[in-house]
Protein chains: 2
Amino acid sequence: MAADQRPKADTLALRQRLISSSCRLFFPEDPVKIVRAQGQYMYDEQGAEYIDCISNVAHVGHCHPLVVQAAHEQNQVLNTNSRYLHDNIVDYAQRLSETLPEQLCVFYFLNSGSEANDLALRLARHYTGHQDVVVLDHAYHGHLSSLIDISPYKFRNLDGQKEWVHVVCTAQLNNRLQPSSLSLCPVWEGRSFPLLATSPKWQSEHIRKAGGVFVADEIQVGFGRVGKHFWAFQLQGKDFVPDIVTMGKSIGNGHPVACVAATQPVARAFEATGVEYFNTFGGSPVSCAVGLAVLNVLEKEQLQDHATSVGSFLMQLLGQQKIKHPIVGDVRGVGLFIGVDLIKDEATRTPATEEAAYLVSRLKENYVLLSTDGPGRNILKFKPPMCFSLDNARQVVAKLDAILTDMEEKVRSCETLRLQP
Amino acid sequence: MAADQRPKADTLALRQRLISSSCRLFFPEDPVKIVRAQGQYMYDEQGAEYIDCISNVAHVGHCHPLVVQAAHEQNQVLNTNSRYLHDNIVDYAQRLSETLPEQLCVFYFLNSGSEANDLALRLARHYTGHQDVVVLDHAYHGHLSSLIDISPYKFRNLDGQKEWVHVVCTAQLNNRLQPSSLSLCPVWEGRSFPLLATSPKWQSEHIRKAGGVFVADEIQVGFGRVGKHFWAFQLQGKDFVPDIVTMGKSIGNGHPVACVAATQPVARAFEATGVEYFNTFGGSPVSCAVGLAVLNVLEKEQLQDHATSVGSFLMQLLGQQKIKHPIVGDVRGVGLFIGVDLIKDEATRTPATEEAAYLVSRLKENYVLLSTDGPGRNILKFKPPMCFSLDNARQVVAKLDAILTDMEEKVRSCETLRLQP
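Residues numbered from 1 in each chain as written. Chains lettered and ligands numbered in written order. Predicted model: local features only at pLDDT ≥ 70, side-chain atom pairs only at ≥ 80, totals over all residues. Heavy atoms only, no water.

### Notes on the packing of helix H2 (residues 65-77) of chain B against helix H9 (residues 285-300) of chain B
Any two packed helices are characterised by the angle at which their axes cross and by the distance between the axes. Residues and elements named next belong to chain B. Quick reminder of the rule: Interaxial angles span 0 to 180 degrees and are taken between N-to-C directions of axes, which are lines fitted to C-alpha atoms, for helices over the stretch in contact. The helix and strand labels rest on DSSP assignments: H or I over at least four residues marks a helix, E over at least two residues marks a strand, and numbering proceeds from the N terminus. These descriptions rest on fixed angle ranges, namely under 35 degrees for roughly parallel, over 145 for roughly antiparallel, 65 to 115 for roughly perpendicular, and the rest for oblique. Handedness of a crossing follows from how the near helix is turned relative to the far one, being left-handed for an anticlockwise turn of less than a right angle and right-handed for a clockwise one. Whether two residues touch is decided by their heavy atoms; if any such pair falls within 4.5 Å, the residues are in contact. Residues were grouped as follows: Ala, Val, Leu, Ile, Met, Phe, Trp, Tyr, Cys and Pro as nonpolar; Asp, Glu, Lys and Arg as charged; and all remaining residues, including Gly, as polar.
The N-to-C vectors of H2 and H9 enclose an angle of 155 degrees; their axes lie 8 Å apart at closest approach. The angle between H2 and H9 falls in the class roughly antiparallel. Where H2 crosses over H9, the handedness of that crossing is right-handed. On H9, the residues that touch Leu66, Val67, Ala70, Ala71, Gln74 and Asn75 of H2 are Pro285, Val286, Ala289, Val290, Ala293, Val294, Val297 and Lys300. Residues of the contact of H2 with H9, tallied by class, amount to 11 nonpolar, 2 polar and 1 charged.

Structural data, given as structure tokens:
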């Protein structure tokens, strides 16, 4: 492989010439060229090893041999669309159904979380006959036109809020509002539902009373990541059943796989239109083989339990950082989905945006890949591959501690926080 | 593999229980279970070999060993998102740019043709500042909400035509209309542009005069399928340059890969919003490795030239059928994208819908897979893998001839056209 590689500067120059700058790079001032990855580690063109705290998509670990093998075996034999009968699609749907409440029993397969959320919106609107949508503030549900409209994270920077979109906390869930759906990612910025002003259970009851359905967007947080439960919506208790669940990202470990699960009434309403839903690649034998392999590895390696123990340990270590460093305003999360809020001071709680960017760059120089999130881009977001270890947690927090200590010294001696060129 | 297989009846029963019936099967009365495919052949669970005239997605042939190998090699090493620098994405963009007019020089990578058309719509609207869209009648541009709205093929069966959608031939391209774009699949139902009442060149001039851009949807017809040219829009001549080209289906030979190419002005207008475009799987090292392998095979096996020669031969054989069988109303096409119009009689040219369905079922019993298209579902659509051979053309037309002859005899003896149970 190495012989074929372009020098990093050439790759960057070609990228700037050929790929739209709307498609951003991590660390734009000094992007990383990654040429290899395994488990929770990524390697650059010089062979340097990075601990990966970002890649939730590489759910069971980068290039997991069993997943790679499953893709290869199926790729050699058959990869076609779902208009032919095939065992993989029904086997995969059956395995997924075993993880869900029995009411969620009708499946659609697609290529991306965005496609899944778009279909969820279509299903909700057909079922309810309403157009309006209630969403969580700052939420991001995907890159498609229909989803930009329901993603405050995006539409605030574009054309603004459509009159049929209602942001939770401002939305009046009364008789005047007739929503098609409430779309929620059950964990957001490391906060799970119950930390919201109103619980999703309360919200879903109100949404249903108002004629809408509840969509659980599990694209970022599902599939065992929250540890205690397979799905994040299950944090609400056993009797809490969404009308639609959307899945993506992690379920194919990097292969484009996504899924919508719906209740019978929701699915039947769409079927009654007589309109076909056809997705060229969705539910292909290869996608489903990969999906099945990811489920097998999750189970075999007990990664859900692992997420609980490593996640708790990481939370505990980060909690110690909160005591030690005033910039750490809050540590919250569940399983291996953890947010660390960086603030200017305890009194105003102003987002420490620049400090967060500086910290993340310094971590990268120290071979830790981490990203920020939130409206103030001041929340360190931990969502590593699920094989992230106790040792990794120790290493990452030790580096974080050292950099925060150094930052505090710099501030005391009135140095500016600037990266060395 | 065989030992793991469910009996076909079990697969069907599970499919009916778990997968939405909105996701249709080919030959719903007696669906085919396909377990293996190679080149232009598919094999059912009994080992029966079918000639595949449907799978345009398996562009260079089902399970092409070089494409499978490229996916496997890259899957073992790295599959991550495009926020890291990587050679594959720039190599692939560069190779694609060599096939396009130089103005089309900014690339975006995605997972599906639907995602590509949705982004094209966003780009067109940002660039022009207009919302309206002009489309071809009966067109289908994808399964997403935003694309159902611009697909007469779909919206006629659903909520009807939005006021901002204008169907070509009825659209008044005058000063009052301010469209964002004209979206056209350059070949439709086997007709290429010039057969339309007005040529696309004329249309694009009018669209541009009215402030819009021209989107060439090459998802079904690009990549050498039309034979004489790599892209179907090139049938319009060397000086015809769309503002946006969308690609999908065939470019990954079954792997979910799609692409949007845009001119600098169109791309820059979107970049100026400062909004990021991020697609989780789009442009991954694996997708791009697969895309590059497909380009290599196309070139190495000279499949574009092959499409010209085999396509011409198939057109010629089908032309003989038109002379022999009155039900064949028209044969039209370009390269390996051919439509055969079945009509009740020459005078009324009423679509022979039932006859087309019967014929396709009989062909399936004779181990030929073919589908119908068009508003009357009476057009036999040939879009086989590009390795479809002269012999395949002879075999398929011989079977078609035999069945049409038998159908004529049945009609003469007043038998109903019904398949044996």
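### Focus: the interface of chain A and chain B
Threshold: As a working definition, buried area equals the accessible area (1.4 Å probe) given up by two parts on being put together, with both sides summed. Salt bridges are defined as contacts in which a side-chain nitrogen from Lys or Arg sits within 4 Å of a carboxyl oxygen from Asp or Glu. N or O atoms closer than or at 3.5 Å make up a polar contact, with two conditions inside protein: a donor-capable atom paired with an acceptor-capable one, and, for residues adjacent in sequence, both atoms drawn from side chains.
Between chain A and chain B, the residue contacts involve 95 residues of the former and 95 residues of the latter. Buried area between chain A and chain B, summed over both chains or domains, comes out near 8,700 Å², and the portion from carbon and sulfur atoms is 58%. It is Tyr84, Leu85 and Phe281 of chain A that lose the most area in chain A upon contact with chain B, and together they represent 10% of the buried surface on that side. Here chain A and chain B share 4 salt bridges between them. Residue arginine 6 of chain A pairs with aspartate 91 of chain B through a salt bridge whose shortest N-O separation is 2.6 Å. Our count for the chain A to chain B interface comes out at 50 residue pairs in polar contact (both at pLDDT 80 or more).

### Points about the environment of arginine 377 of chain A
All names here are of chain A. Defined as follows: Between buried and exposed lies partly exposed: a residue is buried under 20% and exposed over 50% of the maximum accessible area for its type, with that area taken using a 1.4 Å probe on protein chains only.
By the element assignment, arginine 377 lies in the loop between strand E16 (371-373) and strand E17 (379-382). Judged by its relative accessible area of 36%, arginine 377 is partly exposed. If we skip the residues at most four places from it in the chain, arginine 377 touches Tyr153, Thr353, Ala356 and Thr372. Only 3.0 Å separates the side chain of arginine 377 from the backbone oxygen of threonine 372, close enough to count as a polar contact.

### Details of the packing of helix H11 (residues 353-365) of chain B against helix H12 (residues 390-412) of chain B
All names here are of chain B. At their nearest, the axes of H11 and H12 sit 10 Å apart, and the two run at 130 degrees to each other. By the angle between their directions, the pair H11 and H12 is classed as oblique. As for the relative orientation of H11 and H12, their crossing is right-handed in sense. For the pair formed by H11 and H12, the contact residues are Glu355, Tyr358, Leu359, Arg362 and Leu363 on the first element and Lys399, Leu400, Ile403, Leu404, Asp406, Met407 and Lys410 on the second.

### Considering helix H11 (residues 353-365) of chain A
Residue and element names in this part refer to chain A. To keep things clear, this is the line we draw: In a helix, the anticipated span is given by 1.5 Å times the number of residues less one.
An ideal rise of 1.5 Å per residue puts 18 Å on 13 residues; H11 measures up with 19 Å between its terminal C-alpha atoms. For H11, every residue scored as buried is listed here: Glu355, Ala356, Tyr358, Leu359, Val360, Ser361, Arg362, Leu363 and Lys364. In this structure, the buried residues of H11 make contact with strand E3 (49-52), strand E14 (337-342), strand E15 (368-369), E16, E17 and helix H12 (390-412). Where H11 terminates, the next one or two residues include tyrosine 367, which has phi positive at roughly 65 degrees.

### Let's talk about the packing of aromatic side chains
Residue and element names in this part refer to chain B. This is how the line gets drawn: Planes of paired rings set the category: under 30 degrees apart is stacked, over 60 is edge-to-face and the rest tilted, where pairs are Phe, Tyr or Trp rings (Trp by its six-membered ring) whose centres lie within 6.5 Å.
Scanning all chains against the criterion turns up 22 aromatic pairs over all chains. An angle of 85 degrees between the planes, with centres 6.5 Å apart, marks the rings of tyrosine 108 and tyrosine 277 as edge-to-face. Taken together, the residues tyrosine 108 in strand E4 (residues 104-110) and tyrosine 277 in the loop between helix H8 (264-271) and H9 connect sequence positions 169 residues apart. Tyrosine 277 shares its class with tyrosine 108; the two are buried.

### Observations regarding the pairing of strand E4 (residues 104-110) of chain A
Residues and elements named next belong to chain A. Where we set the bar: Criterion used throughout: strands pair if DSSP finds at least two bridges between them.
Most of E4 is tucked away: 7 of the 7 residues are buried. Relative to strand E12 (residues 258-263), E4 runs antiparallel, the two sharing 6 bridges. Counted as the bridge partner of phenylalanine 109 is cysteine 259 from E12.

### Notes on the pattern of salt bridges
All names here are of chain A. Under the definition given, this model contains 40 salt bridges over all chains. Salt-bridge contacts for lysine 8 lead to aspartate 30; the nearest nitrogen and oxygen are separated by 3.8 Å. Of this pair, lysine 8 sits in helix H1 (residues 8-18) while aspartate 30 sits in the loop between H1 and strand E1 (34-38), and the two are 22 residues apart along the sequence. For lysine 8, a relative accessible area of 26% puts it in the partly exposed group.

### Side note on the side chain of lysine 249 of chain B
What counts is decided by this rule: In this charge count, Lys and Arg are treated as positive and Asp and Glu as negative; neither His nor the chain ends contribute.
As for its placement among the helices and strands, lysine 249 of chain B is situated in the loop between strand E11 (244-247) and strand E12 (258-263). There is no salt bridge for the buried lysine 249 of chain B, and the closest opposite charge comes from aspartate 217 of chain B, which lies 8.8 Å off by N-O distance. A polar side-chain atom of lysine 249 of chain B sits 2.7 Å from a polar atom in the side chain of threonine 280 of chain A. Aside from chain neighbours lying at most four places away, what touches lysine 249 of chain B is Thr280 and Phe281 of chain A together with Asn56, Val57, Ile219, Gln220, Gly254 and Val257 of chain B.

### A few points about the relation of the copies chain A and chain B
Put simply, the second copy of the chain is the first one after a rotation about an axis and a shift along it. Counted only if it meets this: Residues below a pLDDT of 70 in either copy are left out; the C-alpha atoms of the rest, at least 70 in both, set the least-squares superposition of the copies.
Superposing chain A onto chain B takes a rotation of 180 degrees combined with a translation of 0.0 Å along the rotation axis, leaving an RMSD of 0.0 Å. Between the two chains, the operation in question is that of a two-fold axis. Among all residues of chain A, the one whose C-alpha sits closest to the rotation axis is histidine 72 of chain A, at a distance of 3.0 Å. When the interface residues of chain A are mapped onto chain B, 100% of them are again interface residues, pointing to one common binding face.

### Observations regarding the side chain of histidine 141 of chain A
Looking at where histidine 141 of chain A falls in the secondary structure, it is placed in the loop between strand E5 (132-135) and helix H5 (145-148). At 2.8 Å, the side chain of histidine 141 of chain A forms a polar contact with the side chain of aspartate 217 of chain A.

### Focus on the environment of lysine 322 of chain B
Residues and elements named next belong to chain B. With respect to the helices and strands, the residue lysine 322 is situated in helix H10 (residues 303-324). On the basis of relative accessible area, lysine 322 is assigned to the partly exposed category, the value being 37%. For the pair lysine 322 and tyrosine 277, spaced 45 residues apart in the sequence, the C-alpha separation amounts to 50 Å. Not counting residues up to four positions away in its chain, the partners in contact with lysine 322 are Val328, Gly329, Asp330 and Val331.

### Comments concerning the pairing of strand E13 (residues 328-334) of chain B
All names here are of chain B. Taking burial as the measure, the 7 residues of E13 include 5 buried ones, the bulk of the element. Of the strand pairs in this sheet, E13 and strand E14 (residues 337-342) are connected by 6 bridges, and their pairing is antiparallel. Opposite valine 331, over in E14, you have valine 340 as the bridge partner. Hairpin connection between E13 and E14: a loop of 2 residues separates the two successive antiparallel strands, and glycine 335 in this loop has a positive phi of roughly 60 degrees.

### Quick notes on helix H4 (residues 113-128) of chain A
Between the first and last C-alpha of H4 of chain A there are 22 Å, a value that for 16 residues agrees with the 22 Å anticipated at 1.5 Å per step. The first or second residue beyond H4 of chain A is glycine 129 of chain A, which carries a positive phi of 75 degrees.

### Points about the sheet that holds E5 of chain A
Residue and element names in this part refer to chain A. On the basis of which strands lie adjacent, the open sheet formed by 7 strands has the order E4-E12-E11-E10-E7-E5-E6 and mixed pairing. Each edge of the sheet is formed by a strand with only one pairing partner; in this case those strands are E4 and strand E6 (165-167). Averaged over all pairs of adjacent strands, the angle between strand axes in this sheet comes to 20 degrees, irrespective of strand direction. Bridging between strand E7 (residues 179-184) and strand E10 (residues 213-217) involves 4 bridges; their strand directions are parallel. Paired with leucine 182 across the strands is phenylalanine 214, a residue of E10. On the sheet, helix H8 (residues 264-271) packs against E4, E10, strand E11 (244-247) and E12 and is oriented at approximately 100 degrees with respect to E12.

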